[in-house]
Each structure stands twice: as structure tokens, then as C-alpha cells.
4 protein chains.
Amino acid sequence: MRIAIGNLKEATHPDTLKAAFAELVSMFIFVFPSEGCAIALANMMTSDGAATPGGGFIAAAISHAFSLFVAVSVSANISGGHVNPAVTFGAFLGGHISLFKTILYWIAQLLGSVTALFLLKIATGGLDTSSYALRGGETPWNAIIFMIVMTFQLVYTVYATTIDPKSGDMECIAPISIGFVVGANTLGGGGLYGAAMNPAMAFGQAVDSWKWNSQWIYWFGPFVGAAIAALVYEAIFISSRNAHVQLP
Amino acid sequence: MRIAIGNLKEATHPDTLKAAFAELVSMFIFVFPSEGCAIALANMMTSDGAATPGGGFIAAAISHAFSLFVAVSVSANISGGHVNPAVTFGAFLGGHISLFKTILYWIAQLLGSVTALFLLKIATGGLDTSSYALRGGETPWNAIIFMIVMTFQLVYTVYATTIDPKSGDMECIAPISIGFVVGANTLGGGGLYGAAMNPAMAFGQAVDSWKWNSQWIYWFGPFVGAAIAALVYEAIFISSRNAHVQLP
Amino acid sequence: MRIAIGNLKEATHPDTLKAAFAELVSMFIFVFPSEGCAIALANMMTSDGAATPGGGFIAAAISHAFSLFVAVSVSANISGGHVNPAVTFGAFLGGHISLFKTILYWIAQLLGSVTALFLLKIATGGLDTSSYALRGGETPWNAIIFMIVMTFQLVYTVYATTIDPKSGDMECIAPISIGFVVGANTLGGGGLYGAAMNPAMAFGQAVDSWKWNSQWIYWFGPFVGAAIAALVYEAIFISSRNAHVQLP
Amino acid sequence: MRIAIGNLKEATHPDTLKAAFAELVSMFIFVFPSEGCAIALANMMTSDGAATPGGGFIAAAISHAFSLFVAVSVSANISGGHVNPAVTFGAFLGGHISLFKTILYWIAQLLGSVTALFLLKIATGGLDTSSYALRGGETPWNAIIFMIVMTFQLVYTVYATTIDPKSGDMECIAPISIGFVVGANTLGGGGLYGAAMNPAMAFGQAVDSWKWNSQWIYWFGPFVGAAIAALVYEAIFISSRNAHVQLP
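All values reported here derive from a predicted model rather than from experimental measurement.

1. What to know about the overall build of chain A
At step 1: Each helix and strand counted, chain A has 9 helices and 0 strands in total.
At step 2: Walking chain A from its N terminus toward its C terminus, one meets helices and strands in the order α-α-α-α-α-α-α-α-α.
At step 3: For chain A, with 248 residues in total, the buried portion stands at 61%.
At step 4: Counting only contacts in chain A whose residues sit at least 6 apart along the sequence, the fraction spanning at least 24 positions is 78%.
At step 5: Carbon and sulfur atoms provide 68% of the accessible area of chain A, an area that totals close to 8300 Å².

2. Here we look at the relation of the copies chain D and chain A
Note: a rotation about an axis with an accompanying shift along it relates these two copies of the chain.
At step 1: It takes a turn of 90° to lay chain D on chain A, together with a shift of 0.0 Å along the axis; the resulting RMSD is 0.0 Å. In short, the pair behaves as if placed about a four-fold rotation axis. The rotation axis passes nearest to the C-alpha of Gly55 of chain D in chain D, at a distance of 4.0 Å.
At step 2: A different interface surface on each copy is seen, since only 14% of the contact residues of chain D are contact residues in chain A too.

3. Some points on the interface of chain A and chain B
At step 1: Tallying the contact residues gives 43 residues for chain A and 42 residues for chain B.
At step 2: A buried area of about 3400 Å², summed over both sides, lies between chain A and chain B, and 78% of it is on carbon and sulfur atoms.
At step 3: For the chain A face of the interface with chain B, the top three residues by lost area are Lys18, Phe66 and Asn77 of chain A, together amounting to 17%.
At step 4: Applying the counting criterion to the chain A and chain B interface returns 0 salt bridges.
At step 5: On the surface where chain A and chain B come into contact, there are 6 residue pairs in polar contact (both at pLDDT 80 or more).
At step 6: Along the lines of polarity and charge, the residues of the side of chain A that touches chain B split into 31 nonpolar, 10 polar and 2 charged.

4. Comments concerning the relation of the copies chain A and chain B
At step 1: Expressed as a screw transformation, the operator carrying chain A onto chain B has a rotation angle of 90° and an axial translation of 0.0 Å, and the superposed copies differ by an RMSD of 0.0 Å.
At step 2: Comparing contact sets, just 14% of the residues at the interface of chain A also lie at the interface in chain B, consistent with a heterologous contact between different surfaces.

5. Some remarks on the interface of chain D and chain A
At step 1: Facing the 42 residues of chain D at the interface are 41 residues of chain A.
At step 2: Summing the contributions of chain D and of chain A, the shared interface buries around 3400 Å²; its carbon and sulfur component is 78%.
At step 3: The three residues of chain D that bury the most area against chain A are Lys18, Phe66 and Asn77 of chain D, which together make up 17% of that side's buried surface.
At step 4: At the boundary of chain D and chain A, one finds 0 salt bridges.
At step 5: Seen at the junction of chain D and chain A, the total is 6 residue pairs in polar contact (both at pLDDT 80 or more).
At step 6: Of all the secondary structure elements, the ones that give two or more residues to the side of chain D that touches chain A are helix H2 (14-46), helix H3 (53-75), helix H5 (99-123) and helix H7 (174-188) of chain D.
At step 7: Counting residues per element, the side of chain D that touches chain A draws most heavily on H2 of chain D, which supplies 13 residues.
At step 8: Grouping the amino acids of the side of chain D that touches chain A by side-chain chemistry returns 30 nonpolar, 10 polar and 2 charged.

6. Focus: helix H8 (residues 199-209) of chain D
At step 1: Taken residue by residue, H8 of chain D has Pro199, Ala200, Met201, Ala202, Gly204, Gln205 and Ala206 of chain D as its buried positions.
At step 2: Looking one or two places after H8 of chain D, you find Trp210 of chain D, whose phi comes out positive at around 50°.

7. So, the packing of aromatic side chains
At step 1: Counting across every chain of the model gives 76 aromatic pairs over all chains.
At step 2: Ring centres of Phe180 of chain A and Phe69 of chain D lie 5.8 Å apart, and the angle between their planes is 85°; this geometry places the pair in the edge-to-face category. Of the two residues, Phe180 of chain A sits in helix H7 (residues 174-188) while Phe69 of chain D sits in helix H3, which places them in two different chains.
At step 3: For Phe69 of chain D, a relative accessible area of 0% puts it in the buried group.

8. Considering the confidence of the model for chain A
Residues and elements named next belong to chain A.
At step 1: Of the residues in chain A, 85% reach a pLDDT of 70 or more, and the chain-wide mean stands at 86.
At step 2: In the model, residues 46-51 has pLDDT below 50 throughout and makes 9 contacts with residues more than four positions away in sequence or in other chains.
At step 3: Across residues 243-248, confidence stays below pLDDT 50; counting only partners more than four residues off in sequence or on other chains, it has 0 contacts.

9. Examining the packing of helix H4 (residues 85-93) of chain B against helix H6 (residues 140-163) of chain B
Residue and element names in this part refer to chain B.
At step 1: Closest axis-to-axis distance for the H4/H6 pair is 10 Å, and the angle between their directions is 55°. Judged by the inter-axis angle, H4 sits oblique to H6. Judged by the twist between their axes, the crossing of H4 over H6 is right-handed. Residue-level contacts link Ala86, Val87, Gly90 and Ala91 of H4 to Thr151, Leu154, Val155, Val158, Tyr159 and Ile163 of H6.

10. Things to note about the environment of Ile228 of chain B
All names here are of chain B.
At step 1: Structurally, Ile228 can be placed in helix H9 (residues 215-244).
At step 2: Given a relative accessible area of 37%, Ile228 falls into the partly exposed group.
At step 3: Setting aside residues up to four positions removed in sequence, Ile228 forms contacts with Ile148 and Phe152.

11. Overview of the side chain of Ser79 of chain C
Residue and element names in this part refer to chain C.
At step 1: Mapped onto the fold, Ser79 is located in the loop between helix H3 (53-75) and helix H4 (85-93).
At step 2: One polar contact links Ser79 to Glu23, side chain to side chain, over a distance of 2.6 Å.
At step 3: Those residues in contact with Ser79 that lie beyond four places of it in its chain are Ala19, Ala22, Glu23 and Tyr105.

Reading the values: the criteria
Residues numbered from 1 in each chain as written. Chains lettered and ligands numbered in written order. Predicted model: local features only at pLDDT ≥ 70, side-chain atom pairs only at ≥ 80, totals over all residues. Heavy atoms only, no water. Helix = DSSP H or I, 4+ residues; strand = E, 2+ residues; numbered from the N terminus. Buried < 20%, exposed > 50% of the residue type's maximum accessible area, 1.4 Å probe, protein only. Contact = heavy atoms within 4.5 Å. Areas by Shrake-Rupley, 256 points an atom, 1.4 Å probe, with all protein chains shown as cover. Least-squares fit on C-alpha atoms with pLDDT ≥ 70 in both. Buried area = accessible area lost by both parts, 1.4 Å probe. Salt bridge = Lys/Arg side-chain N within 4 Å of Asp/Glu carboxyl O. Polar contact = N/O pair within 3.5 Å; in protein donor to acceptor, adjacent residues only side chain to side chain. Nonpolar A, V, L, I, M, F, W, Y, C, P; charged D, E, K, R; others polar. Phe/Tyr/Trp six-rings, centres within 6.5 Å; stacked < 30°, edge-to-face > 60°. pLDDT = per-residue confidence, 0-100. Axes fitted to C-alpha atoms, helices over the stretch in contact; angles between N-to-C directions. Parallel < 35°, antiparallel > 145°, perpendicular 65-115°, else oblique. Left-handed = near helix turned anticlockwise from the far one by under 90°.

Structural data, given as C-alpha cells:
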């Protein structure tokens, strides 16, 4: 591991602050349509013109996939396009971002999520935002395993398509890969939705509904998954390569 | 702000007229399938083979996302691929297009939208096109906040992926980002549909149905959102960069 | 117009034959999943586990969009990725393909479509393939206007993203644009489906069902739309550019 | 044919082992969301909030298309992004991968699939994974013809967009083409699902359910389709080109 601490000077450099701002806006671009779609579906389903669960399932996957792809594409060249505290944690473990900058990114991401949910509340005239909830018959550990696996896949994808210097021409479509791995897992995770890979979205929901009792799950699962992906990818595809190719 | 006025000579230059024509065709490519889909769904839903609202919701998002992506991709290298008066307004506020050219683009965009709805009317044998309407229990201000937020996200995406000189390899997938941010927000905005970010589509609907009473909403909301996005992006990511890197 | 006739020698050159073969396979890659999806939906809808029309509508759009995108991407560098007699006709009118090669492409495209439907018949144990049919209350001219408009949009997209030398970095995503403009119009054209832009698909259906009475519509509409797109794009964006930039 | 055998030294080289590991993870990224989606749909359909088959059909296509696209994009520059024993077999027949490496890839792909299904079982608290099954009224040969055709299209796409040295700028979007050809055929193949092109997914299902009686079908069909695609593409587009362009 090559963890970097950084310093206060770097954390207050204009470029760092701009990157943090880009993360804030990108999180906002991800959360607003994803949560807006969830609210619309929840209201359709209870009215007489009921949406089918099958349809809602697909709408959730598409709104998460499309909006995350856009959120990554607009910040890729400014902040690296993390748009997820777990992704930032994964990049930190690999030494690709300093501790100071990591904390700044986290604050920005949480603010972006809260802002999106706040504006949704106003725009819908006070409708409740959906919160993650465990399905009947599930223990927290079922959900946690899902989150570990799904976030592993997300952070592995981020490493392979953007951080790895060998990513090459895959970088051009990296934001699509990152958005769509979340879209696929929104379908794969069933009732858990894609935000179960994103602690910032869960945090925004908790601020909105002021329910914090299972919040730890939405941080613990994704951070464990991100850590495994970062350490595995670093160990196998990046560090060992450096070991072989000794620079002068 | 670096607003440019331009002059009549520029506005009548062949390249400017070609760009305006490209905007007209692109708007036509965006509006025809999006509105055609809305008409098809409206007719399916009232017949016995009723479409589910959930399905219609997704079909609306996909038709908007796919057709706007195509519309941007075919005009990106000719006119910049605005396909939206609010996007042109945002580019104007940042000084990236002159006032004369802006007005020419707006005329072309409105003509493209009207042409699409006119041909749809003929092709469907006179079926009514759908018009935006406020949902029950909404004040205009709920819709306006939605439009401001959604158009902010659209114009921010246009700036980040096409106007920003640092957009780099994101330019290749910029039309997909622009189409999909509208697709995601069509799901996010629930019953408002993606065209609520596009005054030209609302204008075409008003010409078709000759109902103008809430038309101002579909111009006010998107223009405010576009202005915020343009000014924020310029101030933070473009102007300040120029301030730091003094050219000789 | 710069129509090219070509000669028998060019038409029998190995590269020309390879290009024709690539068109055959690409048409096969487009028609098999699109028609397979239509058959699956038709059978689902009549069984007790009925598919909703809304869902079928989206499935049709996605199968057409995805399979045409793939079909174009696998032949783009070999044959130009036409995968449609109307697109080949549009390229011919602009002088980008000779008459001899055009005829060869058409034969290959028709063979590819017939092969796909023949294999579908075997693979499904003899299920009927769906055929285009006019909806109740429509005159042929409604359908023809739809086809003209939708094929205009398709061929305009082909010109803007592949034939135009200024297409630049849009070429990379051109197959996606071409696939998705058909996907959007499959939703926009309602009950007409995306193949209403493709005479070769209609031809395959007619061979399969041996119903030829409205076959002319599926050739007339798309060819008129393709011609308008080719002539407009050439006149405005290609020819005039050459007129201005005189090469030495 | 230019089959390569390779040797044990190559098969145990770090780069070969890394490539095999990348195949394992990619198969895991493909199978987990695709199967997770199938499980979620199966459970939705039997509960009172029943998913419509039309919706489930689309969800299956999207989960397969998105997850395979991601799986290919994260391994494209490391292992070639096969993510399918039949694709590896096709590459082997064309001489693009040695026999030793082929066997290593197969083992990795099977392990990746089994791991995904094992983790799904734990994460869902023991829900049964869906297995491929023949639809009523089908003989195995109907399914086999479907698989041959669909895998032919998949391997032809892999050859045209990644292996062919002339693939050029299509390489950038190759993972999307590969994912979406499977997505389209998931819709095209009706009840067969996209994994009917992937023996490793069928193997994982068989390990999970310990039903092996029709396992041979899911290997025979795809391998025949892959062989035809590889031999046809090699013969027509690669070998003959080499014959013409004699290198000094």
C-alpha cells in the first residue's frame, strides 16, 4: 500500500477545491434523477394507474445507469469522476489520492447528495424520498454481502478503466462502464437499488428522513467492497507491474 | 461574462446559415420520435390493449435519450449540437456564441420543432400531440424548480463535455452524455417528461394545440437553469483557469 | 449529383465481394434478434403470461437499436456499415458507391434478411414471423409519410456521422448513433416498428409469409426518405464546401 | 487454420496468470448481476406484486447487455475480454491464443461463474438461481440452432471489433458491441436468455442446481457457432488479406 496523507496546503489549493466542487455537482447530477425516479414510481404505484414492479425495476436501473454515467463524464477530467465516497476510499487505499483530498471529496459528495434530495423535496411539494430498506426475510448480512460484491465490481471497474495506466482506449468509454456496472447491479441487487453501492446517497436519504438506524450498513458494505477491489487490483495489476519494470 | 454581440455579416455567412440549418434538422430528429412515442403511448393507453404507465414512463425516457443523443451527434461538428434554445442561451452567456447567431439558432430550433409536430400530425392522420401539463396538486413553481434543476444539469453537462477546452477524450462520448442526462431526468421528473428542459419542444406543442397559457413556464424555468449552469461553470472552471494561466 | 456507375471488374473485385458478404452478415445480425424478439412477444402476448404492449414496444425498440448498432459496428470498416438498401441508395445518390456495387449490396442485404428469417423459422420450430401491417384507420399514405420521415433521419445520420469527411471524432460513436436513431423511431413510429425503415427486412418478411401486396410501400417510403436526406446533405454540407475550398 | 499449442512456460508466465485472473473477475462481473436479476424477477413474479413477463424480458436483456459490456471493458486490455469459453474457443481456432492459455482461460471462466452463483446464494439467503430450461414444445435442436446462430453473431462481433487488425476506431466501442449483441439476442432468443450463448454461465447454474442432463447442449451449441464464426471470419477477412499483402 502506498497511502498518501497530503497536507493542508494541497487541500486548499484552487485545483483541489475545484475538484471537490465538481464532485459535489456530479453527485447532485447522479442523485437528483435517480431519487426523482424512485419518488415518481412510488407515487404511480399507489395511484390507480399503477406502475408494474417489473417496469419500476427497469426504470430504477436506467435512471441510475444513465445519471451516474453522465455524472462521471462531466467530472472525469476535473476530479477523476468518483461520485461515490467508496470509490474515493478505494482510490485512497491505492495511493491515488491523499487523505486530505479524500476528506474534502467526502464532504463534497455528502453535500451534493443532500442538496439533490433537498431540491427534490421542494420541487415535488414535499413528497417523501424513498429510503433503502431491507426486504422481508433478510438479515442485514444478506444486504451487506450484496453491497460488498456490488461495490467490489464498481471499484474494480473504476480501477480497470480509469486508474490503471494501461486502460488506454478504454478511458474513452470509462464513464459508460462505470454507470452501467451500477445499472446492471441495480437489476442484480433486486430491491436494494443501485444506491446501495453509494454511501452518499444513503446519507442524503437519512438526512431527509432522519432515520439513521441502518445507516452503518450503507457505509460498511461499500467500504469493504471498495477496499477489496482496490487492494486486489493494485496487488495483481499495478504494483507487480512496477516491480517488473524498474524505472531508472 | 464575455457576451458577444456579433454582426449581421456573420449572421448571414454561409457557415452560420448551415449551422442554423443543422440545428433545425437536429431539433426535428429529436422532436419527431419523442413526440411520436408520446402519441403512440397515449393511444395505446386508451385502447383495450392498455400500456402500463411504468412502461410508458420508460419508453418516454428512452425515446428522449436516444433521439437527443443522435440529434447532438449529427450536428456536433457543424453547429455545436445545441438542439435546445436554453443550451444556446447558456452558450451565449458564456460568450461562446454571438447574439446574432443565438437568435438565428433559436429561429431554426423553433422551426425544427414545429416541422416535426406538423409532420407527425399528417403521418398519424390527425392525432393530437401530447402537451405538457401540470400534474394535479402541483403549483407552477414545483414544475419550474424541476425545470431549473434539470436544465442546470443539461447545460452543465454541455459545458463540461463540449465547451470546456479541457473536456479532452470526453468529447467523443459527449453526445451520449447530453442525450442521457435528459433521459435520466425524464425518469427523474416523473410526469414532466424530458421536453420540459426544452422550450422549443414546448413551443411546437403550443403551436400545434394553440394553448399558450403556461408557455412562459417552459421558457422561464429552462433559461434560469441554463443561466446558472453557464455562469457557475464559466466562473469556476473556465474563467479562473484563464486568470491563472496568463498567455503571453 | 455525382452518380457513379462503376464496372463489372470493380463489382467482382475480392474487396467488393468481401464488402457484400459483410453486408449479408450484418443484415443477418440485425434481422435475427429483431424478428426473434417480435416472435417471442407475439407468443407471450397470446399465452396466459401476457406481455404488456408497453413492454413489447420497448423490447422492440431495444432489440432494433442494439442489433443495428452491432451490425453497423462489425461492417463499418469493411463495407461502410449500410445494413439497409435505402442507406445504400442514399450513398449511391451522393456518388459514394457505384451502381454495380449498389446492386451487389442490395442482393447481399436481401439474402441476409431471408437467411435470418429462415433460421428463425427452423429455430422456433415453425412459428410465424411477424409482418408489418397497417394499423386500423390508417391509409397507406400515413405509413408512407412515417417511413419517409424516419428514413430521412436515418440516412441524414449516416451522412453526418460517417460519410461527411468533417464527421471527425463522431465516427467513433457513429454505429451507436445509427442504431439508436432507428431505436428512437421504433418508439416514435408506434406500431410500425423500426424495420419500416428497412426494405430488406420487409422483403424477408414477404418471402417468409409470401404476402406481397403492400411490399411496394416498404420500398417506396424509405427510398424517398433516403433520397431527400442524401440530396439535402450533399447540397448543403458537402458540395457547397467543395465549391468554396477549391483544391489545386 | 493456424492453431497454436503453446507450452507450460507460457501458461505459467505472470502475464498469462494475470490474464486468467482478469477473465475470472470479468466472468464474475457478468454473471452476478445477470443471475441476480433473474432471481429477483423469479421472486417478484410469484409474489402478489407480480412482474410482467414483458418487463422481465427487458430486464434480462439489459442486465446481460450492461454487465457483459462492463466485463469486456475491464479485461479488454489485459486478457482480450473474452468472458466466454466459446469466445476463447473461437480465438483459439483462429490461432490468436494458444491451447495452454485457452485451457487456463476456461478454468478461470468456470471459476468466475461458480463464484458469482455461490455469492448470490449466500447474499440472497439461499434462493435458487434460475437455470436454463427448454420451453414447452421445443426439442433440444430448436435451442441448439438458436445457440449456434446467437454465438456465431457474438464471436463474429468479437472478431470484427477486436481481433481483426483493421477494426481501427471500432475498438473503442468494441465492448459495447459485444455486450449489446448478447443483449439483443437475449430479446431475440425469447425464453432462452443471453447466457444460452455462454457455457460458463450454464456450468455455474449446473453446479448450483446439480442438474447436468442438458448441460451438453449449452456447450455444443455455442462451440459450433463460435467455430463457424471464427473459420468464416478468418477465411474471408483475415487470411485472404494476408495472402494478398505479402510481407517482406
